[in-house]
Amino acid sequence: MNLRAKLVPEARLEVVNADSAGSRIGLVERTVLGPPVGVPIGPIKISLLSAEELTQRLVGHAFGTETQHVVTANAQFYVLAEERADFRECIQGADYVCADGVSIVVACKWLGRAKATRIPGVDLVTDLCKEAASLGLRVFFLGGNPGSAERSAAILTERFPGLQVAGISCPPKGFLSDPEMLNEALSEIKESHAAILFVALGAPLQEFFIRDYVRPMNIPVAIGIGGSLDIIAGEFKRAPQYIQ
């Protein structure tokens, strides 16, 4: 049986039998009506979605045709947004900004009088790869330290059988200033037909890269994930829970 997923008009993701037009097999999960609720803290606005809600929204977007820019914000992002107008505008133009760091969660509580869920980039990568494996969504890993993306892909495909890795690229530092290297990286991404792109270039570079180069390509979901690939690959240990 040939299964495929589609977005139906009610913004609900369902699985249908591609061999029998119109037959409904079952719902995968609810999605996505309207913009996410968020709370402003200083120069940025943090999403109040739970990890599960964000994951399911992004799964729905992964079948779309316009890029959804996802920011995993920690204290560094707050400081950069305070200091740099260009970065502040970039973050404000993103579609989702989640709290990756306890300091952002605390700021939401005390400054925004709201409860935000901490959604680390590492966990978001894992959750999305799990869903991608079950739905046949192609993922692309960009950046990280040399070898981290390859090791992360191997670990995740072993953990989630059926995960389709559309591409892996680890361009050298400074590649944005080299037209040949930049065009090579962009060509790999475009030709991969990935539904989800994980960008591990660090802030602020990864957010500018998504805005300036990925969004025009209409990759459905693009997420800045900082050092997540290095952690998944085992190069660095995660900080203790109480200081994450």
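Throughout what follows, the structure given in this document is the object of discussion. Just so we're clear, the structure is a prediction, and the values are computed from it rather than from any experiment. (Residues numbered from 1 in each chain as written. Predicted model: local features only at pLDDT ≥ 70, side-chain atom pairs only at ≥ 80, totals over all residues. Heavy atoms only, no water.)

1. Section: the pattern of salt bridges
The condition is simple: The salt bridge definition used is simple: a Lys or Arg side-chain nitrogen within 4 Å of an Asp or Glu carboxyl oxygen. For the exposure calls, accessible area comes from a 1.4 Å probe over protein chains only, and a residue counts as buried if that area is under 20% of its type's maximum, exposed if over 50%, partly exposed in between.
Within this structure, the stated rule accounts for 4 salt bridges. A salt bridge links Arg84 to Asp86; its shortest N-O distance comes to 2.8 Å. Judged by its relative accessible area of 31%, Arg84 is partly exposed. With a relative accessible area of 33%, Asp86 lands in the partly exposed category.

2. Here we look at helix α5 (residues 121-135)
Cut-off, in case you're wondering: Secondary structure elements are defined from DSSP: runs of H or I of at least 4 residues count as helices, runs of E of at least 2 residues count as strands, and each element is numbered from the N terminus. Each residue after the first adds 1.5 Å to the expected span of a helix.
Over its 15 residues, α5 extends 21 Å from the first C-alpha to the last, a length consistent with the 21 Å expected when each residue adds 1.5 Å. Counting buried positions along α5 yields 11 of 15 residues, so the element is predominantly enclosed. Those residues of α5 not exposed but buried are Gly121, Val122, Leu124, Val125, Thr126, Leu128, Cys129, Glu131, Ala132, Ala133 and Leu135. Trailing α5 by a residue or two, Gly136 shows a phi angle of about 75 degrees, which is positive.

3. Here's the deal with the packing of aromatic side chains
Short version of the rule: Pairing of aromatic side chains here covers Phe, Tyr and the six-membered ring of Trp, requires ring centres within 6.5 Å, and sorts the geometry by plane angle: under 30 degrees stacked, over 60 edge-to-face, intermediate tilted.
The full count for this structure, using the stated rule, is 5 aromatic pairs. Ring geometry for Phe209 against Tyr213: centres 5.6 Å apart, planes inclined by 45 degrees, an arrangement best described as tilted. With Phe209 and Tyr213 both in helix α8 (residues 205-214) and 4 residues apart, the pair spans about one turn of that helix. By relative accessible area, Tyr213 is classed as partly exposed at 29%. Three or more aromatic residues link up through ring pairs in this structure, and these residues are Phe77, Phe87 and Phe208.

4. Points about the packing of helix α1 (residues 51-61) against α5
Applied cut-off: Lines fitted to C-alpha atoms define the axes here, with helix axes fitted over just the stretch in contact, and angles between the N-to-C directions of these axes take values from 0 to 180 degrees. Throughout this description, any angle smaller than 35 degrees is read as roughly parallel, any larger than 145 degrees as roughly antiparallel, any in the 65 to 115 degree range as roughly perpendicular, and the remainder as oblique. Each crossing gets its handedness from the near helix: less than a right angle anticlockwise from the far helix is left-handed, clockwise is right-handed. Working rule for contacts: check all heavy atoms of both residues, and any pair within 4.5 Å makes them a contact. Nonpolar residues are Ala, Val, Leu, Ile, Met, Phe, Trp, Tyr, Cys and Pro. Charged residues are Asp, Glu, Lys and Arg, and all others, Gly as well, are polar.
Their axes nearest at 10 Å, the elements α1 and α5 cross at an angle of 45 degrees. Relative to α5, the element α1 lies oblique. Viewed along their axes, α1 and α5 form a crossing whose handedness is right-handed. Between α1 and α5, the contacting residues are Leu54, Thr55, Gln56, Leu58 and Val59 on the first element and Leu124, Asp127, Leu128, Glu131 and Leu135 on the second. Considered class by class, the residues forming the contact of α1 with α5 number 6 nonpolar, 2 polar and 2 charged.

5. What to know about the sheet that holds strand β10 (residues 196-200)
Rule in force here: At least two bridges found by DSSP between two strands are what make those strands a pair.
With respect to topology, 6 strands assemble into an open sheet ordered β7-β6-β11-β10-β8-β9, the strand pairing being parallel. The two strands at the open ends of the sheet, each matched to only one other strand, are β7 (96-99) and β9 (164-169). Each strand of the sheet is rotated relative to its neighbour by a mean of 20 degrees, with strand direction disregarded. As paired strands, strand β8 (residues 138-143) and β10 are joined by 5 bridges and run parallel to one another. Bridging across to β10, Phe141 finds its partner in Phe198.

6. Here we look at α1
The element α1 is largely enclosed, with a buried count of 8 among its 11 residues. Restricting attention to buried positions, one finds in α1 the residues Leu54, Thr55, Gln56, Arg57, Leu58, Val59, Gly60 and His61.

7. Some thoughts on unusual backbone geometry
With an omega of 5 degrees, the peptide bond between Ala203 and Pro204 qualifies as cis. Examined against the element boundaries, Pro204 turns out to sit in the loop between β10 and α8. At His193, a residue that is not glycine, the phi angle is positive and equals roughly 55 degrees. With respect to the secondary-structure elements, His193 resides in the loop between α7 (179-192) and β10. By relative accessible area, which is 62% here, His193 ends up exposed. The phi dihedral of Asn218 is positive, around 60 degrees, even though this residue is not glycine. One can find Asn218 in the loop between α8 and β11 (221-224).

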